[in-house]
Amino acid sequence: MTSPASSSVATTSVHVSALDGLVNVNSLFTIAVFVGLSLAAPGQHSLEQRSGCDASDDVAKKLLVFEVVSFSFFLFSSLVAQGLKLALNLLNSKDVDEIFRAHINIKVLRWGMMASAVGSVMGCLFLMLSMVNVIQIRLGLLSCGSQSAVQAVATLVTLVSSALLVYISTAFYAFWH
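Residues numbered from 1 in each chain as written. Predicted model: local features only at pLDDT ≥ 70, side-chain atom pairs only at ≥ 80, totals over all residues. Heavy atoms only, no water.

Novice: Is there a simple way to think about the packing of helix α3 (residues 106–139) against helix α4 (residues 147–176) in this case?
Specialist: Any two packed helices are characterised by the angle at which their axes cross and by the distance between the axes. In contact at an axis separation of 10 Å, α3 and α4 are set at 180° when each is read in the N-to-C sense. The angle between α3 and α4 falls in the class roughly antiparallel. Considered class by class, the residues forming the contact of α3 with α4 number 23 nonpolar, three polar and one charged. (Axes fitted to C-alpha atoms, helices over the stretch in contact; angles between N-to-C directions. Helix = DSSP H or I, 4+ residues; strand = E, 2+ residues; numbered from the N terminus. Parallel < 35°, antiparallel > 145°, perpendicular 65-115°, else oblique. Nonpolar A, V, L, I, M, F, W, Y, C, P; charged D, E, K, R; others polar.)

Novice: Any chance you could explain the side chain of S77 here in plain terms?
Specialist: Mapped onto the secondary structure, S77 falls in helix α2 (residues 57–90). Given a relative accessible area of 0%, S77 falls into the buried group. Side-chain polar atoms of S77 contact the backbone oxygen of S116, separated by 2.6 Å. (Buried < 20%, exposed > 50% of the residue type's maximum accessible area, 1.4 Å probe, protein only. Polar contact = N/O pair within 3.5 Å; in protein donor to acceptor, adjacent residues only side chain to side chain.)

Novice: Hey, could you run me through the state of the cysteines in this one?
Specialist: Disulfides are covalent bonds that link the sulfur atoms of two cysteine residues. In this structure the tally under the stated criterion is one disulfide. The partner cysteine of C53 in its disulfide is C144, sulfur to sulfur 1.6 Å. Here the residue C53 occupies a position in the loop between α1 (4–39) and α2, and C144 occupies one in the loop between α3 and α4, the gap between them amounting to 91 residues. Residue classification places C53 among the buried positions, given a relative accessible area of 0%. (Disulfide = S-S within 2.5 Å.)

Novice: Whenever I open this one, the UniProt feature "transmembrane region" (unreviewed entry) in the chain confuses me. Can you help?
Specialist: Here, UniProt's "transmembrane region" (unreviewed entry) annotation points to residues 22–42, 63–88, 108–132 and 153–176. In residues 108–132, helix accounts for 100% and strand for 0%; the two terminal C-alpha atoms are 36 Å from one another. Taken end to end, residues 153–176 comprises 100% helix and 0% strand; its first and last C-alpha atoms sit 34 Å apart. (UniProt positions renumbered as here; feature names shortened; annotations may be inferred.)

Novice: Looking at this model, I keep getting lost on the packing of aromatic side chains. Mind explaining?
Specialist: In this description, an aromatic ring pair is defined by two values, namely the gap between the centres and the angle between the planes. The final tally for this structure, using the stated rule, is two aromatic pairs. Judged by centre distance (5.9 Å) and plane angle (50°), the rings of F66 and F126 are tilted. Of this pair, F66 sits in helix α2 while F126 sits in helix α3, and the two are 60 residues apart along the sequence. Each member of the pair F66 and F126 is classed as buried. An aromatic cluster of three or more residues is present, and its members are F66, F73 and F126. (Phe/Tyr/Trp six-rings, centres within 6.5 Å; stacked < 30°, edge-to-face > 60°.)

Novice: I keep staring at the environment of L156 and nothing clicks. Help me out?
Specialist: Mapped onto the secondary structure, L156 falls in helix α4. Measuring from C-alpha to C-alpha, the distance between L156 and V132 comes to 8.1 Å, with 24 residues separating the pair along the chain. Apart from the residues lying within four places of it in its own chain, the contact partners of L156 are M128, M131, V132, I135 and S161. (Contact = heavy atoms within 4.5 Å.)

In structure tokens, the structure reads:
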């Protein structure tokens, strides 16, 4: 049987660990945003070898917009998570040995973690959209029927959507239980 104090320590420790993980993953995705920007330039010819399959400047503009929006959501998510971690640490007991114990409104913590998770999901969706544009710039337009582009986009959308479904389901389960 655990005491309320030890349960609070374990729960707060789990929250801090979850927030750390979220910030770390968002950092990796942010790097992916900048890699995506560096891989595609306007006016670039696709590998499809047909001039009709080259992406227009509109595709490059969409890529830039999706990358900026994706970055914004990842930054939002990371800042919310860092703010929650800061609150947990500042509200700690003054005893150095109790670094994972804090008294914080659990509703505020849960809603903050949910806001951070939503920001990460939205960032992933916009990152996926930007990667579709990178694929169209590099491999040829989807409307052109480029087999490589269609396969790459189908794989990307299937895997990312499946992973987001698992992530969203897990986040909602944790939020309501």
